[in-house]
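Listed below are the residues making up each chain.
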Amino acid sequence: MQYRRLGNSGLKVSEIALGSWLTVGAASDPRLPERIIDRAYGHGINLFDTANVYHHGEAERIVGHALAKYERSSYVLATKVCVPVGDGPNDRGLSRKHIREQCDLSLKRLGVDYIDLYQCHRYDPDTPLDETLRALDDLVKAGKVLYTGVSMWKPAQIVDAVRTGAELNLNRIISSQPQYHMLLREPELELIPVCEREGLGQIVFSPLAQGALTGKYEPGGMIPPSSRAADPKQNGAISRWIDEDHLKRVQRLKPIADQAGISLAQMALAWILRQPSVASCIVGASRPEQVDHNVHASGIRLDAATLDAIDAALKFEEK
């Protein structure tokens with residue numbers, strides 16, 4: 001496993017991270033998530049990402065319990081706040097009240113004294129930005145949080161946060177967590193350049209387009225019964241990536257991966273890591289063997305000819 005600095009901070013994270021969005025808390029075997037986390041840790045993954053809202057807090061509990069056996073300084077624990085966790089008017093958003101209360105609850109569920117990276121899960125237009133940034137800064141000063149970041153924020157919102165924080169002399173946000181993969185290249189237009197300029201690192205989620213970039217789905221083919229796309233609890237996020245046009249593009253990528261001597265999934269992860277400001281790709285896993293496979297993407301550097309072939313394959317066919 002190779003490691004990269006997260007933005008302009010001194011924090012180093014593994015190029016492959018383990019997430020818990022759809023997999024942790026949903027397994028029929030309650031022991032399976034811990035086995036997956038143990039496997040990831042054994043491979044050198046040190047970044048474990050979760051959120052207070054995942055499976056109503058159960059993901060945080062499982063992740064915290066599984067990591068409790070390891071030295072606290074050996075891993076980076078990341079969680080999030082903002083998405084509604086209840087029906088009350090203050091059970092959501094980025095107000096000082098909600099941030100403070102949810103941070104304490106996350107610490108309790110995770111079973112730790114501090115969170116390495118506390119991320120604003122979405123932007124909150126109902127809360128003044130300075131209130132949110134001051135609340136995050138207070139958590140850092142209290143020692144409950146070491147670093148702060150954002151997820152799914154627009155470039156202009158990130159710029160506002162960086163500039164406002166600097167004016168108020170607050171601890172800087174250090175990371176952005178966007179969805180980014182071969183089939184979704186929008187972050188390249190503005191988000192990634194803005195974050196590079198402002199010193200934020202990228203922690204990419206859904207780097208395999210919810211499994212579409214593994215090659216398991218074929219145009220016009222049957223959906224594998226054991227796949228995420230066949231699970232009504234998990235298939236909402238993947239449906240847009242397994243239409244005919246996208247799957248044809250994925251099929252054109254397969255021979256390129258074969259030529260490079262790696263799997264399609266490994267190529268898709270290495271393709272994201274070609275971006276210097278990307279610090280880590282978050283992968284999910286429903287089996288330990290998936291972790292075994294994906295970690296080998298760390299350290300792969302695609303040559304210019306392979307990158308050119310990928311660009312050509314990703315273009316939509318003319319109709």
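To start, this report covers the structure provided alongside it. (Residues numbered from 1 in each chain as written. Predicted model: local features only at pLDDT ≥ 70, side-chain atom pairs only at ≥ 80, totals over all residues. Heavy atoms only, no water.)

Digging into the layout of surface pockets
Worth spelling out the cut-off: The definitions used throughout rest on a 1 Å grid laid over the protein atoms alone, on which a cavity is an enclosed set of points accommodating a 1.4 Å probe that cannot get out and a pocket is an open set flanked by protein within 12 Å on both sides along at least five of seven lines; lining residues are those having an atom within 4 Å of a point. Grid points are joined across faces, edges and corners, and a volume is the space filled by probe spheres set on the points. In this classification, the charged set is Asp, Glu, Lys and Arg, the nonpolar set is Ala, Val, Leu, Ile, Met, Phe, Trp, Tyr, Cys and Pro, and all remaining amino acids, among them Gly, are polar.
Within this model, the second largest pocket holds a volume of roughly 390 Å³. Contributing to the lining of the second largest pocket are 15 residues, with Trp153, Pro155, Glu186, Pro187 and Leu191 lying nearest its centre. The residue makeup of the lining of the second largest pocket, split by class, is nine nonpolar, two polar and four charged.

Looking at the packing of aromatic side chains
Stated formally: To pair, rings of Phe, Tyr and Trp, with the six-membered ring standing in for Trp, must have centres within 6.5 Å; the planes then decide the type, stacked if under 30 degrees apart, edge-to-face if over 60, and tilted in the middle. Helix and strand labels come from DSSP, where a helix needs a run of H or I of at least four residues and a strand needs a run of E of at least two; each type is numbered from the N terminus. We call a residue buried when its accessible area falls under 20% of the maximum for its residue type, exposed when it is over 50%, and partly exposed in between, using a 1.4 Å probe and counting protein chains only.
Tallied over the full model, the rule gives four aromatic pairs. Ring centres of Trp21 and Phe205 lie 6.1 Å apart, and the angle between their planes is 85 degrees; on these two criteria the pair is classed as edge-to-face. Of this pair, Trp21 sits in the loop between strand E3 (16-18) and helix H1 (32-42) while Phe205 is found in the loop between strand E9 (201-204) and helix H7 (244-260), placing the two residues 184 residues apart along the sequence. The partly exposed category is assigned to Trp21, whose relative accessible area is 36%. On the numbers, 5.5 Å between centres and 40 degrees between planes, the contact of Tyr180 with Trp271 is tilted. Of the two residues, Tyr180 is situated in the loop between strand E8 (173-177) and helix H6 (191-198) and Trp271 in helix H8 (residues 264-272); the sequence distance between them amounts to 91 residues.

A few points about the pairing of E9
Our working definition: The criterion for strand pairing is that DSSP finds at least two bridges linking the strands in question. Assignment of crossover handedness uses the view with strands pointing away from the viewer, where a clockwise path from the first strand over the helix to the second indicates a right-handed crossover.
Burial along E9 is two-sided: the face carrying Gly201 and Ile203 and the face carrying Gln202 and Val204 are both buried. In this structure, E8 lies alongside E9, joined through two bridges in parallel fashion. Within the sheet, the bridge partner assigned to Ser176 lies in E9 and is Gln202. Taking the sense of rotation as the criterion, the β-α-β connection linking E8, H6 and E9 turns out right-handed. With three bridges connecting them, E9 and strand E10 (residues 278-283) associate as parallel partners.

What to know about H6
For an α-helix, the turn length of 3.6 residues means that residues three or four places apart are oriented alike. As a reminder of what qualifies: Starting at the helix axis, one direction is taken to each C-beta atom, and the arc is that of these directions. By definition, residues are in contact when any of their heavy atoms lie within 4.5 Å.
Taken residue by residue, H6 has Leu191, Ile192, Val194, Cys195 and Glu198 as its buried positions. Seen from one end, H6 has its buried residues packed into an arc of 160 degrees, which puts them on one side. In this structure, the buried residues of H6 make contact with helix H5 (155-167), E8 and E9. Immediately downstream of H6, the backbone of Gly199 shows phi near 85 degrees, a positive value.

Section: H8
Across the nine residues of H8, nine count as buried, placing the element largely inside the fold. Along H8, the residues that are buried comprise Leu264, Ala265, Gln266, Met267, Ala268, Leu269, Ala270, Trp271 and Ile272. Lining the buried residues of H8 we find E3, E9, H7, E10, helix H9 (288-294) and helix H10 (304-314).

Here's the deal with the pattern of salt bridges
The following threshold applies: What counts as a salt bridge is simple: a side-chain nitrogen of Lys or Arg found within 4 Å of a carboxyl oxygen of Asp or Glu.
Under the counting rule described, the total for this entry stands at 20 salt bridges. Between Asp116 and Arg72 there is a salt bridge whose closest N-O contact spans 2.7 Å. Of the two residues, Asp116 sits in strand E6 (residues 115-120) while Arg72 sits in the loop between helix H2 (58-67) and strand E5 (76-81), which places them 44 residues apart along the sequence. Comparing Asp116 with Arg72, the two get one shared label, buried.

Quick notes on unusual backbone geometry
Leaving glycine out, the prevailing phi sign among residues is negative, and the prevailing peptide bond configuration is trans. In this model, Met152 sits at a positive phi of 65 degrees, which is unusual for a non-glycine residue. Tracing the backbone shows Met152 in the loop between strand E7 (145-151) and H5. You can call Met152 partly exposed: its relative accessible area is 37%. The residue Asn169 is not glycine, and still its phi comes out positive at about 60 degrees. Turning to its location among the elements, Asn169 is positioned in the loop between H5 and E8. According to the relative accessible area criterion, Asn169 is exposed, its value standing at 69%.

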